[in-house]
Amino acid sequence: VLCVVFVVIRRWPRSEMGRSSETSKGKKRKGIRYKREKIRKIFLDNKLNIVDSKKIQISKVEAEKFYKVHQTKPFYEKLCSYLSSGPIIAIILDGENAIQKNRDLMGATDPKKAKDGTIRKLYGISIDKNSVHGSDSPENAKAEIDFFFN
């Protein structure tokens, strides 16, 4: 079963970057690249193969369409704004029990409630400014592959 995940590419908050002298553009770019590569390594280390990936930026309208299922939730507007505020890396993962394995690796949606060592605990900022999204069912994985790759 295939699974879709996307990694949100944003710089870490200043509080996580260290001293203000370390917040140059080069350091920010290195931080973003470091985070992206660390997340990819987590997938690969857990026997999830990257079938395809691409860097894209979606519009607010596309984000609203993608997250339509959450439109009645209080975090919907902020979530769509965040998702469309910069590039993301869309990834198709494959592996045994890929959907559940990916969900376990991501952790709870709220980074404050996520288990230590999960992607969201390591790199998430808040429930609406999260570092990753992942498919929750084979049906949604297919729809998400169509959305991002077709």
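Residues numbered from 1 in each chain as written. Predicted model: local features only at pLDDT ≥ 70, side-chain atom pairs only at ≥ 80, totals over all residues. Heavy atoms only, no water.

## Digging into the environment of I127
Next up, step 1: Of note, I127 is situated in the loop between helix 6 (119-123) and strand 4 (132-134).
Next up, step 2: Expressed as a C-alpha distance, the spacing of I127 and K78, which sit 49 residues apart in the sequence, is 9.6 Å.
Next up, step 3: Those residues in contact with I127 that lie beyond four places of it in its chain are T109, D110 and P111. (Helix = DSSP H or I, 4+ residues; strand = E, 2+ residues; numbered from the N terminus. Contact = heavy atoms within 4.5 Å.)

## A few points about helix 5 (residues 98-106)
Next up, step 1: Among all positions of helix 5, only A98, I99, N102, L105 and M106 are buried. The arc enclosing the buried residues of helix 5, seen along the axis, measures out at 130°, which places them on a common side.
Next up, step 2: A positive phi of about 90° marks G107, the residue just after helix 5. (Buried < 20%, exposed > 50% of the residue type's maximum accessible area, 1.4 Å probe, protein only. Arc of directions from axis to C-beta.)

## Description of unusual backbone geometry
Next up, step 1: At K47, a position not held by glycine, the phi torsion is positive, near 60°.
Next up, step 2: K47 gets classed as exposed once you look at its relative accessible area, which sits at 64%.
Next up, step 3: A positive phi angle is found at N97, which is not glycine, with a value near 55°.
Next up, step 4: Given the relative accessible area of 53%, N97 is considered exposed.

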